[in-house]
Amino acid sequence: MSRPLKIMLVAAEASGDALGAGLAKALKARLGDDATFVGVGGPRMAAEGVDSPFDIAELSILGWVEGLRAYGKVKRRVQQTAALAAREKPDAVVLIDSWGFTVRVAKAIRAAQPHIPLIKYVGPQVWASRPGRARTLAGAVDHLLALYAFDAPWFEREGLATTVVGSSALHVDMGGADGAAFRARHGVAANAPLLLVLPGSRPSEVRRMTPVYEATVRTLKAGLPDLEVAVVAAGTVADDVSGRVSAWPMRVHLVGEDEKYDAMKAATAALATSGTVSTELALAGAPMVIAYRIDGLSYALMKRLVTARHITLFNIAADQRIAPEFIQGDANPQTLAQAVGRLLRDPQAAAEQARRQTEALNLMGRGGADPSQLAADAVLRVVADKARA
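Residues numbered from 1 in each chain as written. Predicted model: local features only at pLDDT ≥ 70, side-chain atom pairs only at ≥ 80, totals over all residues. Heavy atoms only, no water.

1. Points about the overall build of the chain
Alright, step 1. Counting secondary structure elements, the chain contains 17 helices and 12 strands.
Alright, step 2. Each of the three principal axes of the chain carries a C-alpha extent, and together these read 65 × 45 × 35 Å.
Alright, step 3. Residues classed as buried in the chain amount to 53% of the 389 residues present.
Alright, step 4. A separation threshold of at least 6 residues defines the contact pool for the chain, and within that pool the share at least 24 residues apart is 71%.
Alright, step 5. Roughly 16,500 Å² of accessible area belongs to the chain as shown, and the carbon and sulfur atoms make up 51% of that amount.
Alright, step 6. Distance from the positive charge centre (45 side chains) to the negative charge centre (39 side chains) of the chain: 6 Å. (Helix = DSSP H or I, 4+ residues; strand = E, 2+ residues; numbered from the N terminus. Buried < 20%, exposed > 50% of the residue type's maximum accessible area, 1.4 Å probe, protein only. Contact = heavy atoms within 4.5 Å. Areas by Shrake-Rupley, 256 points an atom, 1.4 Å probe, with all protein chains shown as cover. Lys, Arg positive; Asp, Glu negative; His and termini not counted. Charge placed at Lys NZ, Arg CZ, Asp CG, Glu CD.)

2. Regarding the pairing of strand 7 (residues 194-198)
Alright, step 1. Of all 5 residues making up strand 7, 5 are buried, and the element is well covered by its neighbours.
Alright, step 2. Of the two faces of strand 7, the one holding Leu-194, Leu-196 and Leu-198 and the one holding Leu-195 and Val-197 are both buried throughout.
Alright, step 3. Sheet topology places strand 7 next to strand 8 (residues 228-232); 4 bridges connect them, and they run parallel. Residue Leu-196 lies in a different strand from strand 8, and its bridge partner there is Ala-230.
Alright, step 4. Where strand 7 and strand 10 (residues 269-273) come together, 4 bridges link them in parallel fashion. In the strand pairing of strand 10, Val-197 is matched with Leu-271. (Pairing = 2+ DSSP bridges.)

3. Remarks on the pattern of salt bridges
Alright, step 1. Overall, the coordinates contain 20 salt bridges when judged by the stated rule.
Alright, step 2. The shortest N-O distance in the salt bridge between Glu-214 and Arg-218 comes to 3.3 Å. Taken together, the residues Glu-214 and Arg-218, both in helix 9 (residues 203-223) and 4 residues apart, mark about one turn of the helix.
Alright, step 3. Overall, Glu-214 belongs to the buried group, its relative accessible area being 18%.
Alright, step 4. Given the relative accessible area of 46%, Arg-218 is considered partly exposed.
Alright, step 5. Measuring nitrogen to oxygen at the nearest pair gives 3.6 Å for the salt bridge that ties Glu-257 to Lys-260.
Alright, step 6. By relative accessible area, which is 31% here, Glu-257 ends up partly exposed.
Alright, step 7. Residue Lys-260 is classed as buried on the basis of its relative accessible area of 9%.
Alright, step 8. Beyond isolated ion pairs, a larger network of salt bridges with shared partners links Arg-44, Glu-257, Lys-260 and Glu-280. (Salt bridge = Lys/Arg side-chain N within 4 Å of Asp/Glu carboxyl O.)

4. Observations regarding the sheet that holds strand 6 (residues 161-164)
Alright, step 1. Here 6 strands make up an open sheet; going across it, the order is 2-1-3-4-5-6 and the pairing parallel. Each having just a single partner strand, strand 2 (35-40) and strand 6 make up the two edges of the open sheet. Neighbour to neighbour, the strand axes of the sheet diverge by 20 degrees on average, direction disregarded.
Alright, step 2. Pairing analysis gives 5 bridges linking strand 1 (residues 5-11) to strand 3 (residues 92-96), with the strands arranged parallel. Paired with Val-10 across the two strands is Leu-95, which belongs to strand 3.
Alright, step 3. Here helix 4 (residues 71-88) sits on the sheet in contact with strand 1 and strand 2, set at roughly 175 degrees to strand 1.
Alright, step 4. Relative to strand 3, helix 5 (residues 99-112) is tilted by about 160 degrees, and along the sheet it contacts strand 1, strand 3 and strand 4 (118-121). (Axes fitted to C-alpha atoms, helices over the stretch in contact; angles between N-to-C directions.)

Here's what the structure looks like:
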């Protein structure tokens, strides 16, 4: 090409921001100065040269009710993103995760600029609910980058070309993570039980789950006075988490993104809001309990649509409840404290769960090629194919 390749990357939450940053980095490694980037993302993508026109934290929306309340805002951001594509005229647009937002962006760009190849990075979990979304996506984009092999058939049946790139979460390098150093930095004794709490990366998750986790920790501390507690504050919600946790009536070690993996290695057990972080915890060898809550109406609707038996990916891959999961009303302080307490008090049970978690990661595709590199290859193939056509 006579000018650098211009790729537009669009992500609307923290997990997508991480994927977008990895893809941008891989493309720069391939093309050097022959690649430029525009788009929408968070701090990680910004570090790779993607300057976002707005803060994506406002798009971290969970549940039908919250989606309806935020509809006007989402619609404006969709229009703004489509206008960015019209102004910048990228050679391809990669729409990362965040189904509700990115599928609307895809349709808006397709209507205005049908010649631009559209690539979806992470498809909707149609194997868990609403399989009709596979057909919707096939009509909206040109190519899908899927995380897992069990994703592909659902979309290929609808005629959507799909490349399985694997999950970046399975390739997190824990080799440099140092649990002992984390304990030393924070004044946690080597033999003290340490609970790592991960309230989530969306504002709505933090708002719902943090009070539940505080009450859970209170219950645990009553029976385990020497229990140490650390709380991870994900980058996009760090200030919110810090503000809420500072009011807890016990010592809490606040953990930033820079030492998250050290904390995972140091933890005796973890209490986590369902998400990609469960895979990272399993890689670190941390036995965990998973919890999740959404608004009541959204949950009532979801129950009618969801067919999956589990919500944690390694549980789904193994088709076994390896890590305990507690959803909605079951995610209460008493139930969570009992499940977490078992892992804290019974080293043998904790070690056995950690072993089974590790085995399940193999079923998810651990050990494959780097997903960001595979995604970059696929994007360049799509652009080249479009140019030839």
